[in-house]
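Structural description and commentary
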Amino acid sequence: MTTDLLPTPSSQQRRWQDFELGMFCHFGMNTFTGNEWGDGTDSPELFNPTAFDARQWVRVARRAGFNYLILTAKHHDGFCLWPTRTTDYSVASSPWKDGKGDVVREVADACREAGLPFGLYLSPWDRHEPCYPDKAAYDDFYAAQLTELLTGYGPLVEVWFDGAGSEGREYDWRRIIALVERYQPDAMRFNMGVPTIRWVGNEDGVAPYPCWNAATEAKASMFTKDMLTWLPETPKWVPAECDVPIREKAWFWHPDGHRKLWSDERLIDMYYRSVGHGCNLLMNLAPDNRGLIPDVDANAAYRLFDEMRRRFVSPLAQIDGAGSEIRLRLPERQAVDHVILAERIEGGERVRDYVLEARREDGSWRELVRGSAIGHKKIDRFEAVDTDVLRVRVQRAEAEPLFRSFAAYRAGAIR
Ligand code: FUL
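On to the site of the ligand. Lining the immediate surroundings of the ligand are F24, H26, W37, H75, H76, Y121, W160, D162, A164, E203, D243 and W251. Here D162 contributes a side-chain N or O atom positioned 2.8 Å from an oxygen atom of the ligand. Relative to its unbound accessible area of 290 Å², the ligand is 96% covered by the protein chains. Tallied by class, the residues present in the shell around the ligand amount to six nonpolar, three polar and three charged.

So, about the sheet that holds strand β7 (residues 240-245). Read from one edge to the other, the open sheet built from eight strands follows the order β5-β4-β3-β2-β1-β8-β7-β6, with strand pairing classed as parallel. Strand pairing shows two members of the sheet lacking a second neighbour, β5 (188-190) and β6 (198-199), which therefore form its edges. Contacting β1 (21-25) and β2 (68-74), helix α3 (residues 54-64) runs over the sheet at an angle of about 155 degrees to β1.

Moving on, we come to the packing of helix α7 (residues 264-274) against helix α8 (residues 295-312). Their axes nearest at 10 Å, the elements α7 and α8 cross at an angle of 55 degrees. When the interaxial angle is binned, α7 and α8 end up oblique. α7 and α8 meet at a crossing whose hand is right-handed. Across the interface between the two elements, D264, L267, I268, Y271 and Y272 from α7 touch A300, R303, L304, F305, E307, M308, R311 and F312 from α8. Within the contact of α7 with α8, the residues separate by chemical class into nine nonpolar, no polar and four charged.

What follows is about the sheet that holds strand β11 (residues 351-359). Paired through their backbone hydrogen bonds, the strands of a sheet run either parallel or antiparallel. Read from one edge to the other, the open sheet built from six strands follows the order β9-β14-β10-β13-β11-β12, with strand pairing classed as antiparallel. What marks the edges here is a single partner per strand, and that holds for β9 (317-322) and β12 (365-371). Direction aside, the axes of adjacent strands within the sheet are offset by 30 degrees on average. Sheet topology note: the β11/β12 ladder contains six bridges and is antiparallel. Residue V355 lies in a different strand from β12, and its bridge partner there is R370.

Generally speaking, a soluble globular protein has its nonpolar side chains buried in company with each other. Ranked by internal contacts, the top residues of the largest apolar core, which has 96 residues, are L69, L71 and M283. Top contributing element to this core by residue count: α8, with eight residues. Taken domain by domain, the makeup of this core includes at least three residues from each of domain 1 (8-312) and domain 2 (317-409). What M283 contacts, discounting residues up to four positions off in sequence, is G22, M23, F24, F66, V244, I246, L267, M270, L304 and F305. Counting residues in hydrophobic clusters, the runner-up holds 22 residues, among them V351, V369, V392 and F406.

With five of five residues buried, β1 is to be regarded as a mostly interior element. Relative to strand β8 (residues 280-284), β1 runs parallel, the two being bridged by four bridges. Across the sheet, the residue bridging to F24 is N284, located in β8. Here four bridges tie β1 to β2, and the two strands are oriented parallel to one another. Among the inter-strand pairings, G22 is bridged to a residue of β2, identified as Y68.

What counts as what
Throughout this document, residue positions are counted from 1 along each chain, in the order its sequence is written. Local features are withheld for residues below a pLDDT of 70 in this predicted model, meaning they are given only at 70 or higher, and side-chain atom pairs are given and counted only at 80 or more; totals for whole chains, interfaces and linings count all residues. Each side-chain value is derived from all of the structure's non-hydrogen atoms; neither hydrogens nor water enter the calculation. Definition of nearness: a residue and a molecule or strand are near each other if at least one heavy atom of the residue lies within 4 Å of the molecule or strand. Side-chain atoms alone can form a polar contact between residues adjacent in sequence; in general such a contact is a pair of N or O atoms within 3.5 Å, and within protein one must be able to donate a hydrogen while the other accepts it. Surface accessibility follows the Shrake-Rupley procedure with a 1.4 Å probe radius. Residue values consider only the protein chains on display as shielding. Asp, Glu, Lys and Arg are counted as charged, while Ala, Val, Leu, Ile, Met, Phe, Trp, Tyr, Cys and Pro are counted as nonpolar; the rest, among them Gly, fall into the polar class. Two strands form a pair only when DSSP identifies at least two bridges running between them. Labels follow the DSSP assignment, with helices taken as runs of H or I lasting at least four residues and strands as runs of E lasting at least two, numbered in each case from the N terminus. Residue contacts are defined here by distance: any two heavy atoms, one from each residue, within 4.5 Å place the two residues in contact. Axis definition: a line fitted to C-alpha atoms, limited for helices to the stretch in contact. Angles are taken between N-to-C directions and run from 0 to 180 degrees. Here is the rule for angles: anything less than 35 degrees is roughly parallel, anything more than 145 is roughly antiparallel, 65 through 115 is roughly perpendicular, and the remaining ranges are oblique. Crossing chirality is assigned from the near helix's rotation relative to the far helix, an anticlockwise turn below a right angle marking it left-handed and a clockwise turn marking it right-handed. What makes a nonpolar core is a set of buried Ala, Val, Leu, Ile, Met, Phe, Trp, Tyr and Cys residues whose side-chain atoms join them at distances within 4.5 Å. Exposure is judged per residue with a 1.4 Å probe applied to protein chains only, and the accessible area is read against the type maximum: over 50% gives exposed, under 20% gives buried, and values in between give partly exposed. Domain delimitation follows an automatic or database domain assignment.

The structure is reproduced here in structure tokens:
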């Protein structure tokens, strides 16, 4: 067994994986028109939030337990939330704050005040910009926009490159990535060019299992089956991010409000199948046309994460360790219904197959779960068993298994 060839994360990737939960905020021209994909012809006059308060967004993010926030600086309609020099299709041409406002600045500042890492989404597809059909001209335009964002708003945790609408289109990824590397070397790069994190491949907030951290490809968008070609210098370790709107298929707030808020059960399931599969969950809470996150959306997020904290705040027992069999002794024989495993991923994702077992009163072992990937985290849930010792037996590994944590819980609910 050699560990030399095992992909491992960078320190920035490890930090990002520990965040686990991100809040996405889709806000822009669509917020005022009821569209999901504006066509770029809507007048800047329409952009006029009446009570915009970035601190409220950040309070919601903090109260819910999100550990980073990503804002759509420009969505597919091309309308820019900052006063860019590249186009007049921006907040500078809107009545909001007499054209003197800067949404990106206010959200960046509110995040910094609260110590919340901040990231930006900049859509490559631009339905407004007249030079879009001219590849070289648009590459210059996009690079200029990105440079403004990378240099003007402090440290960014993530830059989100959306593949939607760009199916079949080529951008100068080498140049784009060089800008991110130059100005924001610690930022995660989502899914394109030389990504450091990848798209999970759906917008349901769920990862398949196993969802290994090492990957050589990912889907480009919801609208194609094509897999992306990443540049050869892409790291082997590219953990997945699961993005999902908290309302069914609605990234933006809609004046008619008819999009369904996901049920608490569905949101809990998303948590198990994203964070519980070792991935990050990036959940969208859309600010409304006042410029505030509606209470109903915020409350749904609070209920979800409060419940998950209730389940997992205090383990019955927890250890770390190395080796292919690790035992976890409980303080007494008691009911257990969850186990959370985590590898020390700085040593790579070593475990390939494992079995989790509980010791019966007669000393024999009862199998609870068979699994494969552990990586950053694996949450296993099962019908409650009474036991005093749990063990994980690694049946196949790339190198000696290194456990950051092996913890048992009695959550009193497994759904
Ligand atoms: C998709 C976009 O088309 C949606 O509008 C949204 O921005 C989502 C996060 O990505 O590809």
